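# Architecture and fold: a report
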Amino acid sequence: MDHLPPHARKATRAIHAGQAPDPTFGSLAPPIYQTSTFVFSSVEQGAARFAGKDPGYIYTRLGNPTIRMLEDNVAAMEGGYAGLATSSGMAAVTTAYLSLLSSGDHMVGTEALYGPSRTVMEVEFPRFGITSSFVDTSDPEKIKEAITPQTKLLYIETPANPTLKLTDLEACAHIAKEHDLLLVVDNTFCSPYLQRPLETGADVVLHSVTKFLNGHSDVVGGILVARNEELHQRLRTRLVSFGGIMDPHQAWLVLRGIKTLPARMEWAQASALKIARFLEEHPQVEWIRYPGLESHPQRDLVLRQQDGPGALLCFGLRAGFHGARQLLEGVELLSLAVSLGGVESLIEHPASMTHAGIKQEERETAGITDDLIRIAVGCENVEDLIEDLQQALSAVQSA
């Protein structure tokens, strides 16, 4: 379908994979096939499509050319068999849970996980006889200790949200293989531009495309990429049955956003490093964690596992939660909002916002303390962002 060279590099894949000029009119931009259904040329063709003998399209819940372009694009970037675009990031998460777990099964997951990903597993899935344990997956021994005879799935997010703690994907792949588990990795924080878990042994990778892949804070969506055809079909069956598919226009917007992913990611992570160094030296800052800093406790793993440190950082102030609140309300250029990965820089307080659904004791065990502030760095001029933080920190300092 696309016209990529055989060994195209990641930035080229982001722009071209899964796409080619429209054969009807020569349009360079992919068409939006905004249709619910597709016309058959004959009864025989319709029957052949429903029987799986004709690869053409039937109905957009079952497949759509615009959505397929996005799925092929992300699958090519991740190095997987095929992609499945979903209506939201949580639709991707729950599709993975529903497809890979059955009644009586157990899942081990990263304790500092995107809040709703953990909450839905702990609150909703026990109703279907599925249990879970959330541990510090940066320590392989703790993963092993949590595995039971009923464990079927190892679910990892790295870097973790919002603590920026890393999990060794190669070690997890080894553990998963040793215990006959499936390994699913939420790669939202890095995007395939910086990290490709399937290359290190994961079975399924997923993203909230709302974040870095789309990059413009105007779309909600998700995607799953499976290592092989068997897993792809398991995921697709549940996605189609439960109806959490993506809309064609939504897919087109994400495709457009992905074309600038390399430029946005390079710019944002360069700015994030400058901001992290500024905060690391600021007298009001008690601690900071950013994978690009030499002080990050897992710096060797960052260099081995990722192509760059990313654009997320977290830190705490000496003034604790009181100071965090003052800072959050004192910034003017950074937007006080949840989400990440857009061109606009965002700042938030996970303990009272994105991770408020997790019990306080469990949050603190996972390192999501009340003083933790998360910044998702965007594409503004970094000096303007630093000046904004400086003025807000000065207000905290004088309080």
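Owing to the predicted nature of the structure, the values given are computational and were not obtained by experimental measurement.

Calculation notes
Residues numbered from 1 in each chain as written. Predicted model: local features only at pLDDT ≥ 70, side-chain atom pairs only at ≥ 80, totals over all residues. Heavy atoms only, no water. 1 Å grid on protein atoms, 1.4 Å probe; cavity = no way out; pocket = protein on both sides within 12 Å on 5 of 7 lines; lining within 4 Å. Points joined across faces, edges and corners; volume = space filled by probe spheres on them. Nonpolar A, V, L, I, M, F, W, Y, C, P; charged D, E, K, R; others polar. Helix = DSSP H or I, 4+ residues; strand = E, 2+ residues; numbered from the N terminus. Pairing = 2+ DSSP bridges. Axes fitted to C-alpha atoms, helices over the stretch in contact; angles between N-to-C directions. Contact = heavy atoms within 4.5 Å. Core = buried A, V, L, I, M, F, W, Y, C linked by side-chain atoms within 4.5 Å. Buried < 20%, exposed > 50% of the residue type's maximum accessible area, 1.4 Å probe, protein only. Right-handed = clockwise from strand over helix to strand, strands pointing away.

### A short note on empty space enclosed by the protein
For the structure shown, the criterion picks out three cavities of 30 Å³ or more. Space inside the largest cavity adds up to approximately 60 Å³. Lining the largest cavity are T110, E111, A112, D136, T137, S138, A160, T163, K165, L166, T167 and A366. Residue composition of the lining of the largest cavity, by class: four nonpolar, five polar and three charged.

### Some details on the layout of surface pockets
Its volume calculated, the largest pocket comes out at about 840 Å³. Around the largest pocket sit 30 residues that line it, and L62, G63, R68, H232 and R236 are the ones nearest its centre. In terms of residue class, the lining of the largest pocket is made up of 15 nonpolar, eight polar and seven charged. As for the second largest pocket, its lining consists of 22 residues, and the residues nearest its centre are Y114, N161, T188, S208 and K211. Every element with two or more residues in the lining of the second largest pocket is listed here: helix 4 (89–100) and strand 6 (204–208). Grouping the amino acids of the lining of the second largest pocket by side-chain chemistry returns eight nonpolar, ten polar and four charged.

### Section: the sheet that holds strand 4 (residues 151–157)
Note on sheets: strands pair through backbone hydrogen bonds, and any given pair is parallel or antiparallel. Taking strand neighbours across the sheet as the criterion, the seven strands line up as 1-7-6-5-4-2-3 in an open arrangement whose pairing is mixed. Taken across any chain shown, the strands that pair with only one partner, and hence form the sheet edges, are strand 1 (82–86) and strand 3 (131–135). Averaged over all pairs of adjacent strands, the angle between strand axes in this sheet comes to 20 degrees, irrespective of strand direction. For strand 1 and strand 7 (residues 222–226), the ladder comprises five bridges, and the chain directions are antiparallel. Each residue of the ladder has a partner; that of G83, found in strand 7, is V225. Packing against the sheet, helix 3 (residues 65–78) makes contact with strand 1, strand 6 and strand 7, and its axis sits at approximately 125 degrees to strand 1.

### Quick word on the nonpolar core
Membership of the largest hydrophobic core comes to 82 residues, with the highest contact counts inside it found for L70, L183, I275, L279, L313, F315 and L327. When near neighbours in sequence (up to four residues on either side) are disregarded, L327 contacts F315, L317, I347, I373, L389, A392, L393 and V396. Core analysis: the second largest hydrophobic core is formed by 25 residues, L101, M121, I130 and F134 among them.

### As for the pairing of strand 3
Sheet topology note: the strand 2 (residues 106–110)/strand 3 ladder contains five bridges and is parallel. The partner of G109 across the bridge, within strand 3, is F134. With helix 5 (residues 115–123) bridging strand 2 and its parallel neighbour strand 3, the resulting β-α-β unit is right-handed.

### Brief notes about the sheet that holds strand 11 (residues 346–348)
The strand order 8-9-12-11-10 describes an open sheet built from five strands, whose pairing is mixed. Bordering the open sheet on either side are strand 8 (285–289) and strand 10 (335–336), each of which pairs with just one other strand. Looking at chain direction, strand 8 and strand 9 (residues 312–317) are connected through four bridges and run antiparallel. Each residue of the ladder has a partner; that of V285, found in strand 9, is L317. Across the sheet, helix 11 (residues 261–281) touches strand 8 and strand 9, and the angle it forms with strand 9 is around 15 degrees. Along the sheet face, helix 13 (residues 320–330) touches strand 9, strand 10, strand 11 and strand 12 (373–376) and points at about 125 degrees away from the line of strand 9.

Shape descriptors only; they carry no functional weight alone.
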